[in-house]
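# Notes for the structure review
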Amino acid sequence: MAGEKEKVCVTGAGGFAASWVVKLLLSQDYLVHGTVRQPGDSKFDHFNKLEKASENLKLFKADLLDYESLRSAFLGCRGVFHVASPVPITTVTNPEAEVLEPAVKGTLNVLKACLEANVKRVVVVSSIAAVVKNPNWPNNQVKDESCWSDPEYVESMNTAKKWYYLSKTQAESEALEFGKRSGLEVVTVCPSTILGPVLLSTFTSSSGLLPRGLKGGFGSFGYNYWTVVDVRDFAEALLLTYKKSEAGERYICTSHAIGVEEVVEKYLKIAYPNYNYSDKLSHTEEEEEKLSSEKLQRLGWTYRPLEETLIDSIENCRKIGVLE
Ligand SMILES: NC(=O)c1ccc[n+]([C@@H]2O[C@H](COP(=O)([O-])OP(=O)(O)OC[C@H]3O[C@@H](n4cnc5c(N)ncnc54)[C@H](OP(=O)(O)O)[C@@H]3O)[C@@H](O)[C@H]2O)c1
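Now for a description of the structure that goes with this document. (Residues numbered from 1 in each chain as written. Predicted model: local features only at pLDDT ≥ 70, side-chain atom pairs only at ≥ 80, totals over all residues.)

## With respect to the nonpolar core
- By size, the foremost hydrophobic cluster in this structure holds 92 residues, and its most contacted members are V21 and V80.
- The dominant element in this core, judged by the number of residues it contributes, is helix α5 (residues 95–116), at eight residues.
- Sequence-distant contacts of V21, that is, excluding residues within four places in its chain, are made with V10, F81, V83, A235 and L238. (Core = buried A, V, L, I, M, F, W, Y, C linked by C-beta atoms within 7 Å. Buried ≥ 20, exposed ≤ 12 C-beta atoms within 10 Å, placed from the backbone. Helix = DSSP H or I, 4+ residues; strand = E, 2+ residues; numbered from the N terminus. Contact = placed C-beta atoms within 7 Å.)

## Here's the deal with the sheet that holds strand β1 (residues 7–11)
- Reading across from one edge, β3-β2-β1-β4-β5-β6-β9 is the order of the seven strands in this open sheet, with parallel pairing throughout. With one partner strand each, in any of the chains shown, β3 (57–61) and β9 (250–253) form the two edges of the open sheet. Adjacent strand axes in the sheet meet at a mean angle of 20°, parallel and antiparallel pairs treated alike.
- Pairing of strand β6 (residues 185–191) with β9, which is carried by four bridges, proceeds in the parallel orientation. In the sheet register, V189 faces β9, and the bridge partner there is Y251.
- Those strands touched by α5 are β1, β4 (79–82), β5 (121–125) and β6, and its axis lies near 175° from that of β4. (Pairing = 2+ DSSP bridges. Axes fitted to C-alpha atoms, helices over the stretch in contact; angles between N-to-C directions.)

## Considering helix α1 (residues 16–27)
- Look at α1: 18 Å from first C-alpha to last across twelve residues, which is about the 16 Å you get at 1.5 Å a residue.
- Of all twelve residues making up α1, nine are buried, and the element is well covered by its neighbours.
- Those residues of α1 lying buried are F16, A17, A18, S19, W20, V21, V22, K23 and L25. (Expected span 1.5 Å × (residues − 1).)

## Let's talk about the packing of α5 against helix α7 (residues 162–182)
- It is the contact of α5 with α7, at a shortest axis distance of 9 Å, that shows an interaxial angle of 15°. The angle between α5 and α7 falls in the class roughly parallel. Our pair here, α5 against α7, has a crossing hand that is right-handed. Seen from α5, the contacting residues are P95, V99, L100, A103, V104, T107, L108, L111 and L115; seen from α7, they are W163, Y164, L166, S167, K168, Q170, A171, E174, A175, F178 and S182.
- A per-class count over the contact of α5 with α7 returns 14 nonpolar, four polar and two charged. (Parallel < 35°, antiparallel > 145°, perpendicular 65-115°, else oblique. Left-handed = near helix turned anticlockwise from the far one by under 90°. Nonpolar A, V, L, I, M, F, W, Y, C, P; charged D, E, K, R; others polar.)

## Some points on the sheet that holds strand β7 (residues 193–195)
- Spatial strand order, β7-β8-β10: three strands in an open sheet with mixed pairing. Edge positions in the sheet fall to β7 and β10 (256–259), since each has one partner strand and no second. Averaged over all pairs of adjacent strands, the angle between strand axes in this sheet comes to 45°, irrespective of strand direction.
- Relative to strand β8 (residues 225–230), β7 runs parallel, the two being bridged by three bridges. Within β8, the position partnered with L195 by the bridge is D230.
- Its contacts with the sheet put helix α9 (residues 231–244) on β7 and β8, and the angle it makes with β8 is roughly 60°.
- Across the sheet, helix α10 (residues 260–271) lies against β8 and β10, angled at about 95° from β10, the strand it touches most.

## Side note on the pairing of β4
- What you see with β4 is no split at all: G79 and F81 on one side and V80 and H82 on the other are buried throughout.
- Pairing of β4 with β5, which is carried by four bridges, proceeds in the parallel orientation. Within β5, the residue paired with F81 across the bridge is V123.
- Each parallel crossover has a hand, and the one from β4 via α5 to β5 is right-handed. (Right-handed = clockwise from strand over helix to strand, strands pointing away.)

## Points about the environment of L184
- Mapping L184 onto the fold places it in the loop between α7 and β6.
- Residue L184 is classed as buried on the basis of its C-beta count, with 20 C-beta atoms lying within 10 Å.
- In sequence terms L184 and V119 are 65 residues apart; their C-alpha atoms lie 7.8 Å from each other.
- Those residues in contact with L184, other than ones at most four positions away along the chain, are L111, C114, L115, V122, F178 and G179.

Written out as structure tokens, the structure is:
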């Protein structure tokens, strides 16, 4: 109906990245449904501070493994931004139950519930974890959307992160297949490491990356080569693909690729000379990842300079008091 606001839903609305998606959608006058697992938890107090939240944001209690709860949250929505997924930071004891099932079965639940609730379009958040682990991709050739992580290769990896890689690869490929089979418009977005300020009053496993690194001078950080995107640019990418992409498309979403030693020398030591940075920072050529976001840029996506992301993140950490 003319003049009526469009209703959309964001899954895992209280997460680091999803909170920014909610903020962006509210600022653009959408009516937003957000799914969370524990409505009423004080960690969602930040929503009260978002402009237009009191009139245009409604939270729903939903778990990815509870189909009916998802369907109720999606009723009346034209679009869904499926952001929720387990992002483990420590070793998981039961990868099937803790990571794979919520990611893969959870995504299929979301898509089936979308079909039943007459949702037209779903933007599924994947990750470059679903792109980069492909031993058959030619060395030195920039990875684009045609590159997929190879599940067999990922399974053979000797790292706890493999369950996350597998979960994102499987969830994304099944989501695109589901779209082809069902006619539901599915678009996937594969962000690199997401950095930036938090809207929540606490840090989640992923948003805590930079403060953890800074506290240890990046010495035992484990990320020697950074491929990163700002959380605010990521949110813009989701909305852009929702509005402009053809159905069935996949987009890599990354802005900067840089060694940790350069991040420290070029940006952090200059803006924040008083932290105790490790003097043994370096990366190897094998750790370098060459990825292209050209396809997303062709839709009109732009991104901010890395310096802005780093400074805004650190200032935000200081304000919250996590760097004391
Ligand atoms: N952060 C990164 O660097 C990065 C990079 C690439 C891709 N991604 C992807 O971006 C998305 C958001 O990540 P993030 O960094 O914002 O992580 P986050 O802050 O940990 O948020 C993850 C969200 O998923 C929800 N969730 C997890 N399991 C769930 C379940 N069984 N049912 C319902 N909700 C569930 C969590 O809900 P609760 O609040 O209830 O725990 C939380 O809201 C994820 O899909 C992640 O794979 C992140």
